[in-house]
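Fold and contact review
Listed below, chain by chain, are the residues.
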Amino acid sequence: MEELTRIQAKTVDTDIVHAFMGKVNSEQAKNALAIADKLSDMILFYSKVRENGTEMMEAWDK
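Rules behind the numbers
Residues numbered from 1 in each chain as written. Predicted model: local features only at pLDDT ≥ 70, side-chain atom pairs only at ≥ 80, totals over all residues. Heavy atoms only, no water. Helix = DSSP H or I, 4+ residues; strand = E, 2+ residues; numbered from the N terminus. Buried < 20%, exposed > 50% of the residue type's maximum accessible area, 1.4 Å probe, protein only. Areas by Shrake-Rupley, 256 points an atom, 1.4 Å probe, with all protein chains shown as cover. Patch = residues over 30% accessible without salt bridge, like charges linked within 9 Å, V, L, I, M, F, W, Y side chains within 5 Å. Salt bridge = Lys/Arg side-chain N within 4 Å of Asp/Glu carboxyl O.

**A look at the overall build of the protein**
A count of helical and extended segments in the protein gives three helices and zero strands. Secondary structure of the protein in N-to-C order comes out as α-α-α. For the protein, buried positions account for 5% of its 62 residues. Here the protein displays about 6300 Å² of accessible surface, and carbon together with sulfur accounts for 62% of that area.

As structure tokens, this is what we get:
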């Protein structure tokens, strides 16, 4: 159980945008990655709001 709940000292950045940010050189490419990051955040937020809204509309007496 300790192995499963242990917080790792070193974390791996799994964000694709951050991974690519160090590999692009032009300002235009960096701006495009920033826009892609914002869009992905908006999509995830909308998905979560829709999921929560659907759950809230269900009957509470399950």
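**Digging into a nonpolar patch on the surface**
Residues I35, L39 and M42 make up a contiguous nonpolar surface patch of roughly 310 Å² in combined accessible area. As for its placement among the helices and strands, L39 is situated in helix α3 (residues 27-57). By relative accessible area, which is 45% here, L39 ends up partly exposed.

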